[in-house]
Amino acid sequence: MSIHDYLDRLEGNSKRHILLIVTPKEKYPINFLDENYYSLENSILQTPKEYMSLYGDDPNEIMHYVAFREYLRPVISDKYSVAYQTTDKIKRSRKEEIISFIVAKHFYDNVPSGTKKEDAAISDGLILADDFLSKFPLNKFEHVLVKVGKNSDEANVLIDISFQNRNDDYYFDHVYIH
């Protein structure tokens, strides 16, 4: 398959950021700041209390964790209604979509820089996807892919925040598809 076949499985067809969020089953965060949200945030933000700039040259405008909560939490969280006591869940990802994300991520990390040829990057991406699904199987973890538009406020915040995956229960990554 070509890279375009994998990209077609991911949301959208224009330049965009795709986020992959993985949490243990029944621990996916809702739109309120609860224990599940804090667990995700503490697991993925590398420097939560470091400052960043949103609007200009002043690097001390807002902390990473505040920017993440204000701009990214609303687009990645399930929506809980207090009045109806129901949760509208973001669509959970299928195996093919997760494989496509991992292949696209590996492709864009290696092919534009010339580190790998297209076929090698896709082949290696498939191996990485198998390893990823072994570590985060669909029956034990919830996988969500979220599209964020190019040049949106969410994308600009995403680019400026430092992420890391601190433990084996949560995973966060993103790829810019161009």
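Residues numbered from 1 in each chain as written. Predicted model: local features only at pLDDT ≥ 70, side-chain atom pairs only at ≥ 80, totals over all residues. Heavy atoms only, no water.

Now for the pattern of salt bridges. Applying the stated criterion across every chain, the model contains ten salt bridges. Where Arg 69 meets Glu 41, a salt bridge forms, and the shortest distance between an N and an O atom there is 2.9 Å. Highlighted residues: Arg 69 in helix H3 (residues 64-76) and Glu 41 in helix H2 (residues 35-44), separated in sequence by 28 residues. Glu 41 shares its class with Arg 69; the two are buried. (Salt bridge = Lys/Arg side-chain N within 4 Å of Asp/Glu carboxyl O. Helix = DSSP H or I, 4+ residues; strand = E, 2+ residues; numbered from the N terminus. Buried < 20%, exposed > 50% of the residue type's maximum accessible area, 1.4 Å probe, protein only.)

Bringing helix H4 (residues 95-110) into the picture now. Along its 16 residues, H4 runs 23 Å from first to last C-alpha, staying within 8% of the 22 Å computed at 1.5 Å per residue. Within H4, 13 of the 16 residues are buried, which leaves it mostly tucked inside the rest of the structure. (Expected span 1.5 Å × (residues − 1).)

This part takes up the packing of H4 against helix H5 (residues 118-135). Pairs of packed helices are described in terms of their axes, by the angle between the two and the distance that separates them. Between H4 and H5, whose axes approach to 8 Å, the crossing angle comes to 130°. Taken together, the axis directions place H4 and H5 in an arrangement best described as oblique. Pair H4 / H5 crosses with right-handed handedness. Between H4, through Lys 95, Ile 98, Ile 99, Ile 102, Val 103, His 106 and Phe 107, and H5, the contact on the second element is made entirely by Glu 118, Ala 121, Ile 122, Asp 124, Gly 125, Leu 126, Leu 128, Ala 129, Phe 132 and Leu 133. Taken together, the residues that form the contact of H4 with H5 break down as twelve nonpolar, two polar and three charged. (Axes fitted to C-alpha atoms, helices over the stretch in contact; angles between N-to-C directions. Parallel < 35°, antiparallel > 145°, perpendicular 65-115°, else oblique. Left-handed = near helix turned anticlockwise from the far one by under 90°. Contact = heavy atoms within 4.5 Å. Nonpolar A, V, L, I, M, F, W, Y, C, P; charged D, E, K, R; others polar.)

One open sheet accounts for three strands, arranged S6-S1-S7; its pairing is antiparallel. In the strand order of this sheet, the two ends are held by strand S6 (141-149) and strand S7 (171-177), each with one partner. Averaged over all pairs of adjacent strands, the angle between strand axes in this sheet comes to 15°, irrespective of strand direction. (Pairing = 2+ DSSP bridges.)

Tallied over the full model, the rule gives eleven aromatic pairs. Judged by centre distance (5.0 Å) and plane angle (45°), the ring pair of Phe 132 and Phe 136 falls under tilted. Here Phe 132 falls in the buried class, since its relative accessible area comes to 7%. Residue Phe 136 is classed as buried on the basis of its relative accessible area of 2%. Through a chain of ring-to-ring contacts, three or more aromatic side chains come together here, namely Tyr 37, Tyr 38, Phe 68, Phe 163 and Phe 172. Over the aromatic face of Tyr 28 sits the side chain of Arg 92, whose NZ or CZ is 4.5 Å from the ring centroid. (Phe/Tyr/Trp six-rings, centres within 6.5 Å; stacked < 30°, edge-to-face > 60°. Lys NZ or Arg CZ within 6 Å of the ring centre and 35° of its normal.)

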